[in-house]
Each structure stands twice: as structure tokens, then as C-alpha cells.
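# Commentary on secondary and tertiary structure
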Amino acid sequence: MAICELCDKGFTDFLSHVVIKHNISSIEEYNLKVNEKKEKDIKIRRLLDYMKELTLMFRNGQISAEEMRGLRTKWEKEHNLIW
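Residues numbered from 1 in each chain as written. Predicted model: local features only at pLDDT ≥ 70, side-chain atom pairs only at ≥ 80, totals over all residues. Heavy atoms only, no water.

## Here's the deal with the packing of aromatic side chains
- As enumerated under the stated definition, the model contains two aromatic pairs in all.
- Aromatic side chains Phe14 and Tyr30 sit 5.5 Å apart centroid to centroid with 90° between the ring planes, which places their arrangement in the edge-to-face category. Residue Phe14 is found in helix α1 (residues 14–22), and its partner Tyr30 is found in helix α2 (residues 27–59); the two are separated by 16 residues along the sequence.
- Pairing Tyr50 with Trp75 gives two aromatic rings, centres 6.3 Å apart and planes at 20°, and the pair type is stacked. Taken together, the residues Tyr50 in helix α2 and Trp75 in helix α3 (residues 65–78) connect sequence positions 25 residues apart. (Phe/Tyr/Trp six-rings, centres within 6.5 Å; stacked < 30°, edge-to-face > 60°. Helix = DSSP H or I, 4+ residues; strand = E, 2+ residues; numbered from the N terminus.)

Read these as geometric descriptors, not functional statements.
Okay, here's the thing in C-alpha cells:
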């Protein structure tokens, strides 16, 4: 059984799954999508670390909730993180 790195599910007929579910027709395209997913996962982890810092600043009274939301939005735009 092969595991699809795009949806983290196991399939016996992996090629059919990739073609039907993800509309991918080549191994190059699959690898590109996997790399995009990995990059997005890294960005999300970095955002979570940044949010921990912002939360600490908020709890210490250094920033308001509105400033925290604004800084998060700014970070997402600067790092091209699209949900």
C-alpha cells in the first residue's frame, strides 16, 4: 500500500488515486505538489511559533488583541501564506 503525501491516506492503486483525486498526470507534477505542501507546512509551523510570541506579548500587555491580529495578517501576507 502506498501513502499519498498530498492527503496522507493509503491506497492500493496509488496511480489511479493521484489521477482521479488530485488531477495529476505526471510524477513531476506530483513532486511539485508535494514540495508545495511541504513548504506550506513549514510556513504554518513558523506562523505558529510567531503566534506564540505574539500571545506572550499580548499576555504581558505589550500589544492589544487588534495589534496581534494585524501583525498576524501582515506576517501571512509577507510570507505568502494562503489558506
